[in-house]
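Residue strings, one per chain:
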Amino acid sequence: MTGSDGPHREPGSDFRPAGPASERAREEEERAVEQALALVGGSDRTGGSGGAGGRPSRSQDPRGHQDSHDPRGHQDARDEDPIAGPSSDPHARRTRDSDPRARRSTDSHPYDGRDNDPRDGRTTTTTTAATTTTATTTTAATATAPEPVGEQPPLPDRASPGDPAKPRPTLPPPSWNRARAIAARAGRGGPPATIRLPLDRALGHVLAEALGALTDLPSFDTSAMDGWAVAGPGPWAFEAGAGLLAGRGPAPVLPDGTAVRIATGARVPPDTTAVIRSEHAHVDEARGLLHARRSVVTGQDIRPRGQECRSGEQLVPAGTVVTPAVLGLAAAAGYDALPVVPRPRVDVLVLGDELLNAGLPHDGLIRDALGPMLGPWLRALGAEVSDPRPLGDDAGALRSALTSSDADLIVTTGGTAAGPLDHVHPVLEALGAELLVDGVAVRPGHPMLLARLSPDGPCLVGLPGNPLAAVSGLLTLAEPLLAGISGRPAQDPYRALVHADVHGHPHDTRLVPVVHRPGRKGGRDHVAPLRYNGPAMLRGIAAADGLAVVPPGGVRSGTEVEILDLPWAPATPWTEGCFT
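Not measured: the values here are computed from a predicted model.

**Student:** What exactly am I supposed to notice about the sheet that holds strand β2 (residues 206–207) here?
**Tutor:** To summarise the sheet geometry, strands pair through backbone hydrogen bonds and adopt either a parallel or an antiparallel arrangement. As summarised here, the arrangement of the 3 strands in space is β1-β13-β2, forming an open sheet in which the pairing is antiparallel. In this open sheet, the two strands that pair with only one neighbour each are β1 (195–198) and β2. As judged from the 4 bridges shared by β1 and strand β13 (residues 337–341), these two strands associate in the antiparallel manner. Paired with Leu197 across the strands is Leu338, a residue of β13.

Below is the structure:
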């Protein structure tokens with residue numbers, strides 16, 4: 001691929017996997033990779049969520065990164081499931097905190113720690129040994145300190161810029177695959193509701209039940225062609241007239257040696273041997289005889305009753321998206337209405353005082369890119385979405401919006417980091433929300449989160465404020481969650497060759513916009529990475545057919561990678577036409 005969005009070999013093109021032998025060597029390698037990715041917008045260095053449209057983090061996390069190997073001897077939290085619990089033995093689970101609102105304890109929610117890797121919190125390109133030691137000591141002290149229990153103070157309506165951020169546990173975030181699995185399971189928390197909608201309103205919904213035929217298809221023997229119905233061997237005598245037409249009642253028995261004109265879709269008379277197409281017949285008007293120009297095979301051009309299906313036979317399974325073709329099949333099989341799952345209702349809350357809804361950016365203010373994007377994107381995923389609500393950086397307004405929502409899912413933009421104006425975590429904690437995912441080992445978008453506001457209440461997906469990071473959060477958490485709520489079955493992942501070296505993060509999965517390209521001279525189809533893939537950029541995803549899932553360390557050209565499709569992208573060879 002050529003042009004401004006063609007494959008781009010990023011600086012530092014020597015391909016090296018992650019995993020140096022010492023901490024100092026790893027820091028140097030990470031720094032080099034971060035600087036290389038930053039030159040092409042490929043690294044989310046700040047680690048902040050900010051407001052929609054890509055505002056930077058308002059504070060940096062001074063705590064050191066805790067490796068997936070816990071020096072305290074704890075099991076790697078990436079492999080525990082906050083929904084199923086860390087152990088199948090109920091006696092092996094630790095006792096919950098006595099305060100019902102203190103639900104972010106690490107015993108049942110092993111992913112409460114953000115990605116606090118110092119590479120995400122650096123504001124300079126050098127780190128002294130003393131600073132590293134201090135950060136590590138601070139992390140250990142924070143991780144071992146018990147959470148306070150008891151009455152929590154009310155949230156302030158507005159936070160002061162100088163207010164310190166409240167420390168949070170520092171367990172490593174789950175892997176990208178694990179986070180998606182948790183989101184999917186959260187969406188399948190209970191049996192989906194079922195409603196019946198008339199055919200003209202069912203398009204785009206998901207079938208709550210398997211669709212069985214209410215009648216044989218076809219329900220009687222019909223002619224597949226315009227021509228002549230004949231009985232026995234020819235030639236056949238016929239009588240002049242219009243013959244048999246579609247939509248008429250049953251015809252009389254056709255005697256041997258006779259023929260009658262018949263239209264496509266008309267009922268075939270009993271004892272008919274075959275239908276001869278008009279172009280394959282010769283009519284001798286003078287003698288009143290019909291001759292066949294070709295040999296006649298018994299049953300030719302007759303659609304026998306039940307050829308497509310028999311009454312009661314399953315036509316499509318539960319979980320199928322109702323497409324125009326499904327509507328046509330349902331109508332043919334006798335349905336007037338379909339049992340479907342209601343569309344998940346989604347509220348979108350846009351956070352950030354720096355956002356404009358119109359006009360050009362000015363005086364430190366930027367345009368809100370996520371508000372206009374999220375509604376259509378979520379609708380393409382099958383949701384019913386309310387108009388985005390701008391809340392600014394107001395903790396009280398956020399809390400009020402969460403407690404008054406009747407949606408199945410609430411999506412917030414920005415405010416998921418630990419800065420003084422990042423209110424999502426404090427508000428969720430004050431409401432007693434259960435954090436299922438708190439940070440994901442993925443770039444861009446690692447500060448994303450998933451929470452359940454109450455045992456029977458809605459879920460919340462907190463997206464980072466940078467636009468491409470928010471897209472990453474949509475595909476990582478919102479898409480599988482909505483699929484579970486709406487009853488869509490999980491789609492098998494598909495893979496494609498990538499036509500360029502793609503650098504990866506040393507430890508995290510990376511999502512890179514790609515475009516499909518057909519193979520040349522019998523070669524395989526492939527995908528090409530797009531250049532504009534920084535966390536604050538939308539230019540790459542706007543031209544993309546999907547996102548490549550790049551494992552830690554990156555991949556070489558010619559490697560197969562998993563592809564995440566986009567809900568509006570055209571069908572391409574590697575998907576076999578199956579898009580979300």
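**Student:** I keep staring at the packing of aromatic side chains and nothing clicks. Help me out?
**Tutor:** The geometry of an aromatic ring pair is captured by the separation of the ring centres together with the interplanar angle, meaning the angle of the planes. Counted by the stated rule, this structure contains 1 aromatic pair. On the numbers, 5.2 Å between centres and 65° between planes, the contact of Trp228 with Phe238 is edge-to-face. Highlighted residues: Trp228 in strand β5 (residues 227–230) and Phe238 in strand β6 (residues 236–238), separated in sequence by 10 residues. Under the relative-accessibility criterion, Trp228 is labelled buried at 2%. Over the ring of Phe220 we find Arg267, and its NZ or CZ is 4.7 Å from the ring centre.

**Student:** What am I meant to see in the pattern of salt bridges here?
**Tutor:** Note on pairing: side chains with opposite charge can pair once their charged atoms come close. Under the counting rule described, the total for this entry stands at 10 salt bridges. With a closest N to O distance of 2.9 Å, Arg305 and Asp216 form a salt bridge. Highlighted residues: Arg305 in the loop between β11 (302–303) and β12 (314–316) and Asp216 in the loop between β3 (211–212) and β4 (222–223), separated in sequence by 89 residues. Residue classification places Arg305 among the partly exposed positions, given a relative accessible area of 46%. Look at Asp216 and you get buried, because its relative accessible area is 10%. Between Arg277 and Asp301 there is a salt bridge; the shortest N-O distance is 2.9 Å. One end of the pair, Arg277, is in strand β8 (residues 274–277); the other, Asp301, is in the loop between β10 (289–292) and β11, with 24 residues separating them in the sequence. Judged by relative accessible area, which is 19%, Asp301 ranks as buried.

What counts, and at which threshold
- Counting restarts for each chain: residues are numbered from 1 in the order of the written sequence.
- Only residues with pLDDT of at least 70 are given local features in this predicted model, and only at 80 or more are side-chain atom pairs given and counted; all residues enter the totals for whole chains, interfaces and linings.
- The basis for every side-chain value is the complete set of heavy atoms in the structure, and neither hydrogens nor water enter the calculation.
- In this analysis, strands are considered paired if DSSP registers two or more bridges between them.
- Secondary structure elements follow DSSP: runs of H or I no shorter than four residues count as helices, runs of E no shorter than two count as strands, and numbering proceeds from the N terminus.
- Classification of ring pairs rests on two measures: the distance between centres of Phe, Tyr or Trp rings, Trp counted by its six-membered ring, which must be within 6.5 Å, and the angle between planes, read as stacked under 30 degrees, edge-to-face over 60 and tilted in between.
- Here the term buried applies to any residue with accessible area under 20% of the maximum for its type, exposed to any over 50%, and partly exposed to those in between, with areas from a 1.4 Å probe on protein chains only.
- Geometrically, a lysine NZ or arginine CZ counts as sitting over a ring once it is within 6 Å of the ring centre and also within 35 degrees of the ring normal.
- Definition used for salt bridges: Asp or Glu carboxyl oxygen within 4 Å of a side-chain nitrogen of Lys or Arg.

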